[in-house]
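As a plain string of letters, each chain reads:
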Amino acid sequence: MSMIVGLIDYLRGNEKKSAVVAKERLQIILAHERAGRGTATPDYLPALQEELMAVIAKYIHIDRDSFKVQLEKHDQYDVLELNITLPDKINSRV
Amino acid sequence: MAKVIVVTSGKGGVGKTTTSASFSSGLAMRGNRTVVIDFDVGLRNLDLIMGCERRVVYDIINVINGEVSLKQALIKDKNCDNLYILPASQTRDKDALNLEGVERILDELKESFDFIVCDSPAGIESGAFTAMYFADEALVVTNPEVSSVRDSDRILGILAAKSKRAVEGLEPVKEHLLVTRYDPKRVNTGAMLSVVDIQEILRIPLLGVIPESASVLQASNAGTPAIHLDKSDVAEAYRDVVGRFMGEDLPMRFISEKAGFFKRLLGGH
C-alpha cells in the first residue's frame, strides 16, 4: 500500500524533500536525547538486569530471553519495569 | 566588566576557528580591547587563520605553568590594534590545560580586555570543556546538516548543566546560534535544512547566518580573517554578526537566493 502511495507521490513530484526528512529525524532523536539528559542515566540497567537475573536464577530456572528490564520516563516519575516469564513448572529448582 | 565568549560546536570542521578569528577581529575593529585564545592544545590552528604562526614563541601552557608571563605570550594582531592572540601549545597534550590555570589567566586578562574569545576544540573532552566552563556567552556554530545540529544540541545541554554559571547557579550562559556554510539555493530546493528549521530544533536566538563561500578558503590560505576580505558576503555577514552582538538591530542577510542576472533584469529583487 505504502509503495503505491510512494509511487503516486513520486509521479506527482511531491516526494519528501531530504531537508524535511532531516528535520523529522533530528526532532525525534533530540527529543529522545534531551529526555535522558539531566536525569539519572539508565547506564546501570544492564548491570541491574544481570544481578536480578542471578538472584532469580538461584531459585527458578529461567531463560535469558524471558527476562526484561525496562525504564520508562514520564513527566513526574519513572517506571522501572521487570518482566519475567516463568517457565511452566515453576518449582523446578536448579 | 570583561566578557568571556566561547565559540563552540561539538562537531569539528563547522567553522569555529574561522568564526573565532573573524568575530574577535570584528570586535576589535569596533574599538573593543579583545583577546582570542586557542584552546585546541595539540592541534593549534588559530595562529594560521590569524596569520601569526611564525610569531608564536610562547603559548597558553607556558603561561599556565608559570614559565612566562601572559604579556610575553600574547601576540599582537597584524590587522587590528586592539586585538591579541594567545596560541595553544602544539607539543603538549590537552591534559596540560587545567581549570585553575585557565581561571587565573582569564582573571588576569579581564583586567585589561573587554572581550575574551575562547576558540574551543571539537568534541566534548577536557579541552572543549575547559574552553566553555568560564563562558558568559556562547556562539554555537552550526552547519545546516544533521550531525552538526545534533552535536550543537549536545553542547547546549553541557553549557546548561556543567558550565561554571550552571554549577554555581548563576544566570545561565547566554547562547547565540550562528549558522555557517549556508546555501540558500539548496535550502530553496529542499536539499538543505533552513535556518528556521535549525532554530526551531535548537531553540536559541539566531545571531547570524554565514553563507557558504569560496572566500573562506581564500582567507585561510592568506592567513587573513575572512571579515577583512573586500566585496565578500562572508565578510559582510561576519560584520553583521558583530553588530548584532553589540546590540544593533540588523536584518538577516544572505538567507535568500541571490537574484540572477535575468531576474534582476526583469525587475526581481
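Here the structure is a predicted model, which means the values were calculated and not measured. (Residues numbered from 1 in each chain as written. Chains lettered and ligands numbered in written order. Predicted model: local features only at pLDDT ≥ 70, side-chain atom pairs only at ≥ 80, totals over all residues. Heavy atoms only, no water.)

### Some points on the overall build of chain B
Of regular secondary structure, chain B possesses 13 helices and 8 strands. For 269 residues, the compact-globule formula gives about 18 Å, and the C-alpha radius of gyration of chain B, at 18 Å, lands near that figure. A principal-axis box enclosing the C-alpha atoms of chain B has dimensions of 65 × 40 × 30 Å. The buried share of chain B, taken over its 269 residues, is 52%. Sequence-distant contacts in chain B: of pairs separated by 6 or more residues, those separated by 24 or more amount to 74%. A distance of 4 Å separates the average location of the 32 positive side-chain charges in chain B from that of its 37 negative side-chain charges. (Helix = DSSP H or I, 4+ residues; strand = E, 2+ residues; numbered from the N terminus. Rg over C-alpha atoms; globule rule 2.2 N^0.38 Å. Buried < 20%, exposed > 50% of the residue type's maximum accessible area, 1.4 Å probe, protein only. Contact = heavy atoms within 4.5 Å. Lys, Arg positive; Asp, Glu negative; His and termini not counted. Charge placed at Lys NZ, Arg CZ, Asp CG, Glu CD.)

### Some points on the side chain of Ser152 of chain B
Residue and element names in this part refer to chain B. Here Ser152 is to be found in helix α7 (residues 146-162). Relative accessible area serves as the criterion here: at 0%, Ser152 is assigned to the buried category. Leaving out residues up to four positions away in the same chain, Ser152 has contacts with Ser9, Val140, Val141, Thr142 and Leu202.

### A few points about the sheet that holds strand β8 (residues 206-211) of chain B
All names here are of chain B. Across the sheet, 8 strands lie side by side as β3-β4-β2-β5-β1-β6-β7-β8; this open sheet has mixed pairing. Where the open sheet ends on each side, the last strands, each with one partner, are β3 (75-76) and β8. Here strand β1 (residues 3-8) runs beside strand β6 (residues 137-142); their pairing, made up of 4 bridges, is parallel. Of the residues in β6, the one forming a bridge with Val7 is Leu139. (Pairing = 2+ DSSP bridges.)

### Things to note about the packing of aromatic side chains
Residues and elements named next belong to chain B. Within the structure shown, the criterion is met by 5 aromatic pairs over all chains. Note on Phe23 and Phe245: the rings are 5.0 Å apart at their centroids and 90 degrees apart in plane angle, and the pair reads as edge-to-face. Pair noted here: Phe23 is in helix α1 (residues 16-29) and Phe245 is in helix α12 (residues 233-245), with a separation of 222 residues, a long-range link. An aromatic cluster is built from Phe23, Phe115 and Phe245, whose rings are joined through pairwise contacts. (Phe/Tyr/Trp six-rings, centres within 6.5 Å; stacked < 30°, edge-to-face > 60°.)

### Brief notes about the interface of chain B and chain A
Taken together, the contact pairs 16 residues of chain B with 12 residues of chain A. Of the roughly 1300 Å² buried between chain B and chain A, counting both surfaces, carbon and sulfur atoms make up 54%. Considering only the side of chain B, the residues that lose the most area to chain A are Arg150, Asp153 and Ile201 of chain B, jointly responsible for 39% of the buried surface there. In this structure, the connection of chain B to chain A is made through 4 salt bridges. For the salt bridge of Asp197 of chain B with Lys23 of chain A, the shortest nitrogen-to-oxygen distance reads 3.2 Å. Inspection of the region where chain B meets chain A yields 7 residue pairs in polar contact (both at pLDDT 80 or more). Taken together, the elements giving at least two residues each to the side of chain B that touches chain A come down to α7 and α10 (195-202) of chain B. Broken down by element, the side of chain B that touches chain A gets its largest block of residues, 6 residues, from α7 of chain B. (Buried area = accessible area lost by both parts, 1.4 Å probe. Salt bridge = Lys/Arg side-chain N within 4 Å of Asp/Glu carboxyl O. Polar contact = N/O pair within 3.5 Å; in protein donor to acceptor, adjacent residues only side chain to side chain.)

### As for the side chain of Asp77 of chain B
Residue and element names in this part refer to chain B. Inspection of the secondary structure assignment puts Asp77 in the loop between β3 and β4 (83-86). As a buried residue without a salt bridge, Asp77 has its nearest oppositely charged side chain in Arg55, at a separation of 5.6 Å. A polar side-chain atom of Asp77 sits 2.9 Å from the main-chain amide nitrogen of Cys80. Discounting residues that sit within four places of it in the chain, Asp77 has contacts with Met50, Arg55, Leu83 and Ile85.

### Things to note about the pattern of salt bridges
All names here are of chain B. If you walk through the whole model with that rule in mind, you get 16 salt bridges over all chains. Across the pair Arg44 and Asp47 runs a salt bridge whose closest N-O atoms are separated by 3.1 Å. No difference in accessibility class separates Arg44 from Asp47, as the two residues are buried.

### A short note on helix α3 (residues 45-59) of chain A
All names here are of chain A. For α3, with 15 residues, the first-to-last C-alpha span of 22 Å sits near the 21 Å given by 1.5 Å per residue. Of all the positions in α3, only Leu45, Met53 and Ile56 are classed as buried. Viewed end-on, α3 has its buried residues packed into an arc of 70 degrees, placing them on one side of the element. For α3, exposure combined with an orientation more than 90 degrees from the buried face picks out Glu51 and Lys58. Buried residues along α3 sit in contact with β1 (67-73) and β2 (78-84). (Expected span 1.5 Å × (residues − 1). Arc of directions from axis to C-beta.)

### Considering the environment of Ala2 of chain B
Residues and elements named next belong to chain B. Topologically, Ala2 is positioned in the segment before β1. With a relative accessible area of 6%, Ala2 lands in the buried category. Sequence spacing of Ala2 and Phe115 is 113 residues, and the spatial spacing of their C-alpha atoms is 5.5 Å. Not counting the four nearest positions on each side in its chain, Ala2 is found in contact with Lys110, Phe113, Asp114 and Asp136.

### Observations regarding the packing of helix α2 (residues 18-36) of chain A against α7 of chain B
Two elements in contact, α2 of chain A and α7 of chain B, have axes whose closest approach is 10 Å; the angle formed by their N-to-C orientations is 25 degrees. It follows that α2 of chain A is roughly parallel to α7 of chain B by the angle criterion. You can see that α2 of chain A and α7 of chain B cross each other, and the crossing is right-handed. Together, Ala22, Leu26, Ile29, Leu30, Glu33 and Arg34 of chain A of α2 of chain A and Val146, Val149, Arg150 and Asp153 of chain B of α7 of chain B make up the contact between the two elements. (Axes fitted to C-alpha atoms, helices over the stretch in contact; angles between N-to-C directions. Parallel < 35°, antiparallel > 145°, perpendicular 65-115°, else oblique. Left-handed = near helix turned anticlockwise from the far one by under 90°.)

### Topic: the confidence of the model for chain A
Of all residues in chain A, 73% have pLDDT values of 70 or greater, and the mean over the chain is 77. Mean pLDDT in chain A bottoms out at helix α1 (residues 2-12) of chain A, which sits at 66, and peaks at α2 of chain A, which reaches 89. (pLDDT = per-residue confidence, 0-100.)

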